Amino acid sequence: MFNIVNREEMSGGNVILNEIEAPKIARKAKPGQFVILKSGEDGERIPLTMAETDAEKGTITVIYMVVGKSTALFKTLQIGDGYTDVIGPLGKSTHIEKVGNVVCVGGGTGIAVLHPITRAMKEAGNNVISILGARSKDLLILEDKMRDASHDLRVCTDDGSYGHHGFVTDVLKKILETEKIDQVVAIGPVPMMKFVSKITKEFNVPTLVSLNPIMVDGTGMCGGCRVTVGGRTQFACVDGPEFDGHQVDYDELMLRLQAYCEDEQKCFNEFCIMES
């Protein structure tokens, strides 16, 4: 059992932070890698990229949004409860080096994944500009942590309740038009990563994205997480989860992510009825 030692509810309780005892994983994990968690012997295996690791405490931190039955089940877990399985670290870690000026773009819960990468980019000696996006101010997460991890932080909200009224791509384009940027890292909803990559391609700026396809085993054997990158089939669990944003077939990825939406909604509704 992997016990939860700290728990926070964010964004009105729909986004949950769990700090989990997993000393072996905490000692080896690097920015960009993920774990697969399961609650109960018959539970679904859910991949989540780590938002934080603490080798000294022997803990890892994951942040997830409640979107279906399994994440709703995760939300019922309190401090002292635990996950039946936590497997990792999985996937390739982010390649961190000093390249110059780096822009880190995060949207929604993707900000949690972006945080350790942003911090590592700053520690490597890069000048880091971060752009965070959320639908509204109350849905924005980790602003203070991202501010500490960056030299310059910009915030955008769709409804204009905080920061720039508009999308992260608006701010990114202005930066690319006025400054020399050597690399962009974008993590968030697939449409956001798609349009960030479209803009950076126009300016010929290398762009890294982290993909979240359907995943089952996490070891490259099932093929469920396949994505098309540069016209070739890649497996996010072993070849990624990070890829060249200019090479990803985002339209195919979005279609695959929608494959089980009806079934997921049905299971979620049934779970909510049982819990009420």
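In this report, the structure presented in the accompanying data block is examined. In this text the structure is predicted, and so the values were computed from the model without any measurement. (Residues numbered from 1 in each chain as written. Predicted model: local features only at pLDDT ≥ 70, side-chain atom pairs only at ≥ 80, totals over all residues. Heavy atoms only, no water.)

1. Details of the overall build of the protein chain
The following threshold applies: Put simply, DSSP H or I for four residues or longer makes a helix, DSSP E for two residues or longer makes a strand, and each gets a number counted from the N terminus. In this setup the radius of gyration rests on C-alpha atoms only. A globule is expected at 2.2 Å times the number of residues raised to 0.38. Each residue is assigned to one of three classes by its accessible area relative to the maximum for its type, calculated with a 1.4 Å probe on protein chains only: buried under 20%, partly exposed between the two thresholds, exposed over 50%. By definition, residues are in contact when any of their heavy atoms lie within 4.5 Å. In this description, accessible areas are obtained by the Shrake-Rupley approach with a 1.4 Å probe, and a residue is regarded as covered only by the protein chains that are shown.
Helix and strand counts for the protein chain come out as nine helices and 17 strands. Rg of the C-alpha trace for the protein chain: 18 Å, near the compact-globule value of 19 Å for 276 residues, within the 12% margin. Its C-alpha atoms give the protein chain principal-axis dimensions of about 55 × 40 × 40 Å. Sorting the 276 residues of the protein chain into buried and exposed places 49% on the buried side. Taking contacts inside the protein chain between residues at least 6 apart in sequence as the whole, the part at least 24 apart equals 65%. Accessible surface, the protein chain as shown: approximately 13,300 Å² in total, 50% of it carbon and sulfur.

2. Describing a negative patch on the surface
Basically, it comes down to this: Patch definition: residues with relative accessible area over 30% and no salt bridge; like charges joined within 9 Å; nonpolar side chains (Val, Leu, Ile, Met, Phe, Trp, Tyr) joined within 5 Å. In what follows, salt bridge is the name for a side-chain nitrogen of Lys or Arg lying within 4 Å of a carboxyl oxygen of Asp or Glu. The charge count treats Lys and Arg as positive and Asp and Glu as negative. His and the chain ends do not count. The location of each charge is read from NZ of Lys, CZ of Arg, CG of Asp or CD of Glu.
Taken together, the side chains of Glu44, Glu262, Asp263 and Glu264 present a region of like negative charge at the surface. Along the chain, Glu264 falls in helix α9 (residues 261-275). Glu264 sits in the partly exposed class, given a relative accessible area of 43%.

3. Digging into the side chain of Ser136
With respect to the secondary-structure elements, Ser136 resides in the loop between β10 (127-134) and α4 (143-149). Its relative accessible area of 12% is what places Ser136 among the buried residues. Among all residues touching Ser136, those that are not within four sequence positions of it are Thr157, Asp159 and Ser161.

4. Examining helix α5 (residues 168-178)
Because the α-helix completes a turn every 3.6 residues, residues three or four places apart line up on one side. We apply this condition: Directions from the helix axis toward the C-beta atoms define the arc.
If you check which residues of α5 are buried, you get Val168, Thr169, Val171, Leu172, Ile175 and Leu176. The buried residues of α5 occupy one face: seen down the axis, they fall within an arc of 160 degrees. Of the exposed residues in α5, the ones pointing more than 90 degrees away from its buried face are Lys174, Glu177 and Thr178. For α5, the elements touching its buried residues are β9 (101-107), β10, β11 (152-157), β12 (164-165), β13 (183-187) and α6 (190-202).

5. Quick look at the state of the cysteines
Short version of the rule: Note on disulfides: each one is a pair of cysteine sulfur atoms within 2.5 Å.
Under the defined criterion, the tally for this structure stands at zero disulfides. Between Cys222, a cysteine without a disulfide, and Cys225, which holds the nearest cysteine sulfur, the sulfur-to-sulfur distance is 5.9 Å.

6. Details of the packing of α6 against helix α8 (residues 250-257)
Threshold: Inter-axis angles, ranging from 0 to 180 degrees, are taken between N-to-C directions of lines fitted to C-alpha atoms, where helices are fitted over the stretch in contact. Roughly parallel here means an angle under 35 degrees, roughly antiparallel means over 145, roughly perpendicular means 65 to 115, and every remaining angle is called oblique. Any residue that is not Ala, Val, Leu, Ile, Met, Phe, Trp, Tyr, Cys, Pro, Asp, Glu, Lys or Arg is counted as polar, Gly included; the first ten are nonpolar and the last four charged.
Two elements in contact, α6 and α8, have axes separated by 10 Å at closest approach and are oriented at 180 degrees. Taken as axis vectors, α6 and α8 run roughly antiparallel relative to one another. Only Tyr250, Asp251, Leu253, Met254 and Leu257 of α8 make contact with α6, whose side of the interface consists of Val190, Pro191, Met193, Lys194 and Ser197. By residue class, the composition of the contact of α6 with α8 is seven nonpolar, one polar and two charged.

7. Observations concerning the sheet that holds strand β8 (residues 85-90)
Stated precisely, the cut-off is as follows: One bridge is not enough; two strands pair if DSSP finds at least two bridges between them.
Strand order in the open sheet formed by three strands is β4-β3-β8, and the pairing between neighbours is antiparallel. With one partner strand each, in any of the chains shown, β4 (46-49) and β8 form the two edges of the open sheet. For this sheet the average axis-to-axis angle between neighbouring strands, irrespective of direction, equals 25 degrees.

8. Some thoughts on the nonpolar core
Rules: Remark: nonpolar core denotes a set of buried residues (Ala, Val, Leu, Ile, Met, Phe, Trp, Tyr, Cys) joined through side-chain atoms within 4.5 Å.
Residues Val103, Val105, Ile131, Val184, Val196 and Leu211 are the most contacted members of the largest nonpolar core, which totals 34 residues. When residues no more than four places from it in sequence are discounted, the contact partners of Val105 are Leu114, Ile131, Val168, Val184, Val185, Ala186, Ile187, Met192 and Val196. If you look at the next biggest cluster of nonpolar residues, it comprises 25 residues, including Val15, Leu17, Ala51 and Leu132.

9. Considering the side chain of Thr169
As for its position among the elements, Thr169 is in helix α5. Among the residues examined, Thr169 registers a relative accessible area of 15% and is labelled buried. Not counting residues up to four positions away in its chain, the partners in contact with Thr169 are Phe195, Val196 and Ile199.

10. Some points on unusual backbone geometry
Of note, the amide linkage connecting Gly88 to Pro89 takes the cis form, showing an omega dihedral of 0 degrees. Among the structural elements, Pro89 can be located in strand β8. A cis amide bond, omega 15 degrees, links Gly240 with the succeeding residue Pro241. Position of Pro241 among the secondary structure elements: in the loop between α7 (236-239) and β17 (242-244). A positive phi is found at Leu142, a non-glycine position, where the angle reads about 60 degrees. Within the element layout of this structure, Leu142 appears in the loop between β10 and α4. Positive phi values are uncommon outside glycine, yet Asn204 reaches one of about 55 degrees. Mapped onto the elements of the fold, Asn204 is located in the loop between α6 and β14 (207-210).

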